[in-house]
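Geometric and topological summary
Here's the letter readout for the chains.
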Amino acid sequence: RLNNEEVKMLNACRVESVETVQRANLKILNQLRNYRDVWQDSLVSAERYLLALYSLKAATHLALTSQRKHFGMAIIRPGLRFEDPLDINAFKLAILSNSIVVPTWQSWLDGMNDRFSYVAVQPMAYVGRRYDVVFEPVEIERLFHAEKFMRWIVIKVLSNQTNVIC
C-alpha cells in the first residue's frame, strides 16, 4: 500500500482502491459460483484474474482517451517474470500490421496465452476491455478460465477485424 505522499508522487490521472474494485468484482464472482472453478481454489484465482482484467480495462481506457497518440500496447499480466528480452520487432509487427501478437507458451485448456501480448490500437480496444464481456464466453463454455477467455476474444471478436500472429 502507498501512503498519501507516495500517491502524490505518482502524479496519477486515475486512482482506485482495491476495495472499490473488489466490490465491483463481487457481483461477477457470485455469478461465477454457478460454473466450474477450473482453478479449484474457491475462486481465489478467478478473483485475482478479475482484478488484473479490471486494471487492464482502466489502462486501456486511459490509453485510448489520452491526448497522446498511442500506436499499440504491450499487455503484460501482473506477476509475470521475464527471463528473455522483450522482442521489439514483434511489437513493431503488431503495430504496422494492425495485429495482435501472442506467444504460443502457456496456452492451457486449448486456450491462448493471456499473460503477454503485443497489440495494435484497434485490437487493443477489445483485448484490453475484455472485462466487460466476461460472461459471454462463460455462458458458452460453462467455465471461466483465463486462456480460454483470451482465445474466445481473439477468435470470436478479433479474427474478422485483425491479424492474429502466434
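Residues numbered from 1 in each chain as written. Predicted model: local features only at pLDDT ≥ 70, side-chain atom pairs only at ≥ 80, totals over all residues. Heavy atoms only, no water.

Within the chain, the secondary structure is distributed over seven helices and four strands. For the chain, the N- to C-terminal ordering of α and β elements is α-α-α-β-α-β-β-α-α-α-β. Here the chain, with 166 residues, has 39% of them falling under the buried criterion. Long-range pairs, those at least 24 residues apart, make up 71% of the contacts in the chain between residues at least 6 apart in sequence. For the chain, the accessible surface area stands at approximately 10300 Å², while carbon and sulfur atoms represent 52% of it. (Helix = DSSP H or I, 4+ residues; strand = E, 2+ residues; numbered from the N terminus. Buried < 20%, exposed > 50% of the residue type's maximum accessible area, 1.4 Å probe, protein only. Contact = heavy atoms within 4.5 Å. Areas by Shrake-Rupley, 256 points an atom, 1.4 Å probe, with all protein chains shown as cover.)

Let's shift gears to helix α4 (residues 88–96). Three or more residues of α4 are buried, namely Ala90, Phe91 and Ala94. Along α4, the residues classed as buried sweep out an arc of 100 degrees about the axis, all on the same side. The outward face of α4, more than 90 degrees from its buried face, is lined by the exposed residues Ile88 and Leu96. Looking at the packing, one finds that the buried side of α4 touches β1 (72–76), β2 (99–101) and β3 (116–120). Positive phi shows up at Asn98, right after α4, with a value of about 50 degrees. (Arc of directions from axis to C-beta.)

On the surface, Ile76, Phe82 and Leu86 cluster together to form a nonpolar patch covering roughly 260 Å² of accessible area. Looking at the secondary structure, you find Leu86 in the loop between β1 and α4. (Patch = residues over 30% accessible without salt bridge, like charges linked within 9 Å, V, L, I, M, F, W, Y side chains within 5 Å. Salt bridge = Lys/Arg side-chain N within 4 Å of Asp/Glu carboxyl O.)

Judged by nonpolar contacts, the single largest core of 32 residues is most densely connected at Leu32, Leu50, Phe144 and Phe149. Within the residue set of this core, elements represented by two or more residues are α2 (18–32), α3 (44–65), β1, α5 (121–127), α6 (135–141) and α7 (146–158). Apart from residues lying up to four places away in sequence, Phe149 is in contact with Tyr49, Leu53, Arg130, Val133, Val134, Pro137 and Phe144. The next biggest cluster of nonpolar side chains, apart from the first, holds six residues, and it includes Ala90, Phe91, Val101 and Phe116. (Core = buried A, V, L, I, M, F, W, Y, C linked by side-chain atoms within 4.5 Å.)

Here Asp37 shows up in the loop between α2 and α3. One polar contact links the side chain of Asp37 to the main-chain amide nitrogen of Ser42, over a distance of 2.9 Å. Other than its neighbours up to four places away in sequence, Asp37 contacts Ser42 and Leu43. (Polar contact = N/O pair within 3.5 Å; in protein donor to acceptor, adjacent residues only side chain to side chain.)

We now examine the packing of α2 against α3. Between two packed helices, what matters for the description is the angle formed by their axes and the separation of those axes. Put simply, α2 and α3 touch, their axes get as near as 10 Å, and they point 130 degrees apart. Of the possible angle classes, the one that applies to α2 and α3 is oblique. Judged by the twist between their axes, the crossing of α2 over α3 is right-handed. Residues Val21, Gln22, Asn25, Ile28, Leu29 and Leu32 of α2 touch α3, and the partners they reach there are Ala46, Glu47, Leu50, Leu51 and Tyr54. Of the residues that constitute the contact of α2 with α3, the class distribution is eight nonpolar, two polar and one charged. (Axes fitted to C-alpha atoms, helices over the stretch in contact; angles between N-to-C directions. Parallel < 35°, antiparallel > 145°, perpendicular 65-115°, else oblique. Left-handed = near helix turned anticlockwise from the far one by under 90°. Nonpolar A, V, L, I, M, F, W, Y, C, P; charged D, E, K, R; others polar.)

Take it as geometry only, folks, not as evidence of what the structure does.
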